[in-house]
Structure formats: C-alpha cells, structure tokens
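Results of the structural survey
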Amino acid sequence: MSGEAVVDALPYIDQGYDDPGVREAALAMVEEECRRYRPTKNYLENAGPEPSTAFETPALHREMERVQQRLPMEPLSMKRYELPPPPTGRLGEPTAWIEAVDNSHAQLSHQAIRVLNLELQLQYSSEAWRSYLNVLQALVERSQNVHAQLRKQIAAVNWERKRSQTASGARLRALRRRWAQLVSDNYRLERAIMQLEIQLEKAKGQVSTDGGETPDMDLEAVKNLPNKFNSDTEKEVQKRIEDMFAD
C-alpha cells in the first residue's frame, strides 16, 4: 500500500542496544547525515521574505518611520481639556462666544461622564472583577481536566503498547526457540539420513575402499559430508543455533 509506514521496532522487548558496535554505528549514521547537510550562515535565505508588514497599521507605520528618522515623540495633546476664550480678533462676535460656551459644556459633560464611570466602578467593579475571576478559574479547571484526561489517555496507550509488546515478545521468544529446535532436528535428521545412505552404499558394496580406507570408518565418512555439516559436531551446531536466537 502506497505511503504505508511499516513499524518493526518493539522498544519494550528489543535488546542489543548496549552491544559492542551499536553506539559506533549510530554515531556513524549521525556523522553521515551531518556531512550531507551543510547549513550556511544565513540559514533563512531560502525561507522567503519575512511578512513584517502583515500586521502594520497606519499608526504603527508612522511610528516606525519616526523611530527610523530619530525624531522626538509628539507630546501628549491636552487641547481637549482646555477652555480657550475666543480669539482676540473675534472677541466682539457673539458666535465665537457661543462656540466657546459649547466647548465648555462639552468639557463639563465629559468630566461628568468620567465621574459617573468612576462611581459605577466603585459600586460594581468588585463584583464584575470577581465574576471575571470565576470565569477564569472555570476555564483553568476545564483546561486542567482536559490535560489530565489527555495524560490518562497517553498513559493508557503506552500501557496497552507495553502489554501488547510484552505478550508479543513472549510469543516471539517461544517461536524462536521452536524454530531453533526445528532447525536442530532437521540437522540431526539430515545427518542421520546421510549416515544411513553411506551405510547402505557400503552394504551394497558400492563404496570404494581405495587409499587404505576400511569399511568400518563411518566417522571419517561422515566428516567428508558437505561443508555445512563437516565443520562442527551436533552439539556445537545446536549451541550455535541457540546463541544466534538467544533473547
């Protein structure tokens, strides 16, 4: 199946990580990866332009220009809190005085609203703040509950993985022992069959005795069997098979 990932690692039962040569092999793989990946000083050169203007507002853009030009910051304007009289040239105009009076009314209304807001804050802000804190506490508790549930799910997944791999490890070890036993049995059967074939050939009188050999030299005949059998004895082969698939 295309794109399917084959997982063949069983970390809960795999052995051999501390064997000689394993660490060296892993370090060699890391060094090979480092040789193939050679980052430059400017490792962001292929990342494209930085989207620095995506969140710039006109006010922020003007402020950035002011900082770049090293200009002083504009002082806080207090004009909205001033009550200027009519200009000198318009002191005799009734409309100028009407505008000044309207401005004073607007300023007084603004200050009255500020005072009202402060009074409302003194009366209701503590309860509003307490309600806001309760909402925050509920959000924190819900997030903690979600976090605890996720941790429980992760622990359950890890425990199930460990249980499954432990059970699979016991089955794999049993299958390895069974396989080694079958290979050993096959070896003994093939060895016995070849011994019987040699004895049968001798019984038929078809075994050559040239070179000083005698009909009673069965052991020497078995040693001259194919190479995969004449290098070790039966016990040595059995031990090698068990060592090969030992846990």
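For clarity, every value in this text was computed on a predicted model and none was experimentally measured.

Let us look at the overall build of the protein. Across its full length, the protein carries six helices and zero strands. Counting all 247 residues of the protein, 9% fall into the buried class. Sequence separation of 24 or more characterises 67% of the internal contacts of the protein that already satisfy a separation of 6 or more. Split by element, the accessible area of the protein, about 22,000 Å² in all, is 58% carbon and sulfur.

With the rule as written, the count across this model stands at one aromatic pair. Considering the side-chain rings of W129 and Y132, the 5.4 Å spacing of their centres and the 40 degrees angle between planes classify their relative orientation as tilted. Placement of the pair is W129 and Y132 together in helix α3 (residues 94-203), with a separation of three residues, close to one helical turn. Since its relative accessible area comes to 53%, W129 is described here as exposed. Taking the relative accessible area as the measure of exposure, Y132 reaches 42% and is therefore partly exposed.

This part takes up the confidence of the model for the protein. Looking at the protein as a whole, its pLDDT mean stands at 79, while 74% of the residues score no less than 70. When the criterion is pLDDT under 50, residues 209-217 qualifies, and its contacts beyond four places in sequence or with other chains add up to three contacts. Counting interchain partners and residues more than four positions distant, the pLDDT-below-50 stretch residues 225-231 has ten contacts.

As a further point, take α3. Approximately 55 degrees is the largest bend angle found in α3, and it occurs at Y124. The set of residues buried in α3 consists of A96, A100, S104, Q107, Q165, G169, A180, S184, Y187, R191 and I198. Directly after α3, the chain includes G205, whose backbone phi takes a positive value near 75 degrees.

The next thing to look at is unusual backbone geometry. Backbone geometry places R70, a non-glycine residue, at a positive phi of 60 degrees. For R70, the location among the structural elements is in the loop between α2 (58-68) and α3.

We now examine the side chain of R66. Here R66 lies in helix α2. Ignoring any residue separated from it by four or fewer positions in sequence, one finds R66 in contact with L71, P72 and M73.

Once that is clear, we can look at the pattern of salt bridges. For the structure on display, the rule yields nine salt bridges. Across the pair E33 and R36 runs a salt bridge whose closest N-O atoms are separated by 2.5 Å. Taken as a pair, E33 and R36 lie in helix α1 (residues 22-36) at a separation of three residues, close to a single helical turn. Overall, E33 belongs to the partly exposed group, its relative accessible area being 41%.

Before going further, it helps to examine a nonpolar patch on the surface. Where nonpolar side chains cluster on the molecular surface, the patch consists of W129, Y132, L133, V135, L136 and L139 and spans about 560 Å² of accessible area. When you line up the elements, L136 lands in helix α3. Overall, the relative accessible area of 33% leaves L136 in the partly exposed class.

Definitions and limits used
Residues numbered from 1 in each chain as written. Predicted model: local features only at pLDDT ≥ 70, side-chain atom pairs only at ≥ 80, totals over all residues. Heavy atoms only, no water. Helix = DSSP H or I, 4+ residues; strand = E, 2+ residues; numbered from the N terminus. Buried < 20%, exposed > 50% of the residue type's maximum accessible area, 1.4 Å probe, protein only. Contact = heavy atoms within 4.5 Å. Areas by Shrake-Rupley, 256 points an atom, 1.4 Å probe, with all protein chains shown as cover. Phe/Tyr/Trp six-rings, centres within 6.5 Å; stacked < 30°, edge-to-face > 60°. pLDDT = per-residue confidence, 0-100. Bend = angle between axes of the 7 residues up to and from the residue. Salt bridge = Lys/Arg side-chain N within 4 Å of Asp/Glu carboxyl O. Patch = residues over 30% accessible without salt bridge, like charges linked within 9 Å, V, L, I, M, F, W, Y side chains within 5 Å.

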